[in-house]
Amino acid sequence: MTGESREYGLRIARVAAAAVAALSAATGIGNLTSVSFLTRVLEGRPATAPLSSLILLLAAVSLWLLTTSDTRAQTSSRFAAAIVALGAALSQVSPTFALGAETAAVAPLTTTLLVLVGLVLIAPDHPRLQLTHDLGTVILALVALFAVATSLFSSVAPAPPAPDSRVPLPIAVGAGLVAAGSLAARPNSWLGALLRSSGVEGLLVRRLSVVIAIVPLLIGWLRLEAERAHLFNLEIGLAVMVTAAVAILTVVAFSCAAIVRRVDRERREVERKLVAADRLSSLGVVAAGIAHEVNNPLSFVIGNIDVALADLKALDPKVPTTPQSSDPAPNPAEIVRMLEESRDGACLIRTIVQDLRLFARANDDSPRSFDVRATLRSALRICSMNLQARARLVEDLREVPLVNGKEARLGQVFLNLLVNAIQAIPAGARDQNEIRVATGVDARGRVNIVIQDSGGGIPADVEAHLFEPFFTTKPPGIGSGLGLAISRDIVSAHGGEIRWESQPGNGTKFTVVLPAVENLLRRPEAVAG
């Protein structure tokens, strides 16, 4: 669990503890001042006894201490929780500890609820016991919800001396708050992890939990009160309740849908940035080789142009030239040759720049049919200098059907795999290593692109994390851990798959499988037939 999530859960637990303390203080003041509203909340409901207020206050203190990291505070929290459970249990044994406000008889449901509160708070936060704690907390929450419902949906108190079996409303609400706070405060709680999460799942759980817990109770209570006031009969009351529930849940559904849509939009934007970052990262790895590739033709282009200019100036007497020179007279054929070489060098530079633009351009690349061999050759040209320093290149680019998709995206996949293959081979043993690039067609007519290296292979402990985002075995600054994960997503989006074979010490073989345009065109006919 992250520190941010942990702190968020502690804030939830502290708010719940403060709310429980406020309830206990209000009921205590109500008992001291004989204000019925503070102890009953609603007329006709059972009042909260002074001892119940005290036990609820101890539960609030225990929950608050549970949010601290101090060992003594944690011990004090469990001590207070033990008093809560013990005090509630003793109320069933002796009238001295009775929890009823108007009678010495004990409400069994009140006792059960407070004993559950104490047990939930006293439970140790141990991973092996966490499932038991979560289950106990859920039971406490359900019992508290049942207690709130029985208190809301009845307004006539039992005739004396019959005991009131209902739970005072402040006690029931306080128990529910303790359940939520206990889940949020415990780092090992699986349910609590959802409750305190700062992500979309936490936001949805918190919103839906409140709606699920409060809306049915509120609608049911309003319906009963309206019927008692003779505003409408039973049938209309049911119709109003159903309509209100549907309307509220519809609003909640649309609200949740808006949250999910916003999160999905943000996720797509992050994915787009990650793809662009990975593309530029791959280009950065081969940047030195690219600079060398551009510098070579650029050097002889400039050199040839300088010589050609000097010769042209010597041929034209009107062009100022240097004083007497021992150089032979300019040869027009030689000038033509140098200019042709310069043109070839300029064309090579243009090709390199076009290759860079192919891989570096943004997501405005539109799907189209193209030959993967041309895309592979572009990727090979970009990383040729890095490749030549480490291994021999073996090409077997056989003619294959066209594929349909975004060429720049698939080119990024090929470049990622080539960079990985190059980095898997140590420098200094070029003649002993090779990288094989091949194309072919499988039995199902799909295009296969194979990139195989003779490096050290993939260790067994790495295989399970091969396509895991941000996982990398490369030194810091060399790899981002996104290349294979993004490559798999790109290939999957094109209806293909990535296969791999590796054996430690014998290199690695990646195969990109893509549907051919011919198969895509035949598919509707096959379905129609």
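The following refers to the structure shown. (Residues numbered from 1 in each chain as written. Predicted model: local features only at pLDDT ≥ 70, side-chain atom pairs only at ≥ 80, totals over all residues. Heavy atoms only, no water.)

1. Regarding the overall build of the chain
Then comes step 1: Scanning the chain from terminus to terminus reveals 18 helices and 7 strands.
Then comes step 2: Among the 529 residues that make up the chain, the fraction classed as buried is 40%.
Then comes step 3: Counting only contacts in the chain whose residues sit at least 6 apart along the sequence, the fraction spanning at least 24 positions is 72%.
Then comes step 4: Here the chain has roughly 28,100 Å² of accessible surface; of this, 64% comes from carbon and sulfur atoms. (Helix = DSSP H or I, 4+ residues; strand = E, 2+ residues; numbered from the N terminus. Buried < 20%, exposed > 50% of the residue type's maximum accessible area, 1.4 Å probe, protein only. Contact = heavy atoms within 4.5 Å. Areas by Shrake-Rupley, 256 points an atom, 1.4 Å probe, with all protein chains shown as cover.)

2. Structural notes on the sheet that holds strand β4 (residues 434-441)
Then comes step 1: With respect to topology, 5 strands assemble into an open sheet ordered β2-β4-β5-β7-β6, the strand pairing being mixed. Lying at the two open borders of the sheet, with one neighbouring strand each, are β2 (392-397) and β6 (497-502). Mean inter-strand twist for the sheet, computed between neighbouring axes without regard to direction, equals 10 degrees.
Then comes step 2: Looking at chain direction, β2 and β4 are connected through 6 bridges and run parallel. Along β4, the bridge assignment pairs R392 with E434. (Pairing = 2+ DSSP bridges. Axes fitted to C-alpha atoms, helices over the stretch in contact; angles between N-to-C directions.)

3. Quick word on the environment of A245
Then comes step 1: By secondary structure assignment, the location of A245 is in helix α10 (residues 234-285).
Then comes step 2: In the structure, A245 is positioned 26 residues away from I219 in sequence and 7.3 Å away in space, judged by C-alpha atoms.

4. Some words on helix α7 (residues 169-185)
Then comes step 1: Its 17 residues give α7 an end-to-end C-alpha distance of 24 Å, which sits within 8% of 24 Å, the value for a rise of 1.5 Å per residue.
Then comes step 2: In terms of burial, α7 is largely enclosed, as 13 of its 17 residues are buried. (Expected span 1.5 Å × (residues − 1).)

5. Side note on the layout of surface pockets
Then comes step 1: In this structure, the largest pocket encloses a volume near 1,200 Å³.
Then comes step 2: Along the walls of the largest pocket sit 34 residues, with G176, A180, S209, V210 and A213 positioned nearest its centre.
Then comes step 3: Every element with two or more residues in the lining of the largest pocket is listed here: α1 (3-33), α6 (130-152), α7, α8 (190-196) and α9 (200-228).
Then comes step 4: A class-by-class count of the residues in the lining of the largest pocket yields 30 nonpolar, 3 polar and 1 charged. (1 Å grid on protein atoms, 1.4 Å probe; cavity = no way out; pocket = protein on both sides within 12 Å on 5 of 7 lines; lining within 4 Å. Points joined across faces, edges and corners; volume = space filled by probe spheres on them. Nonpolar A, V, L, I, M, F, W, Y, C, P; charged D, E, K, R; others polar.)

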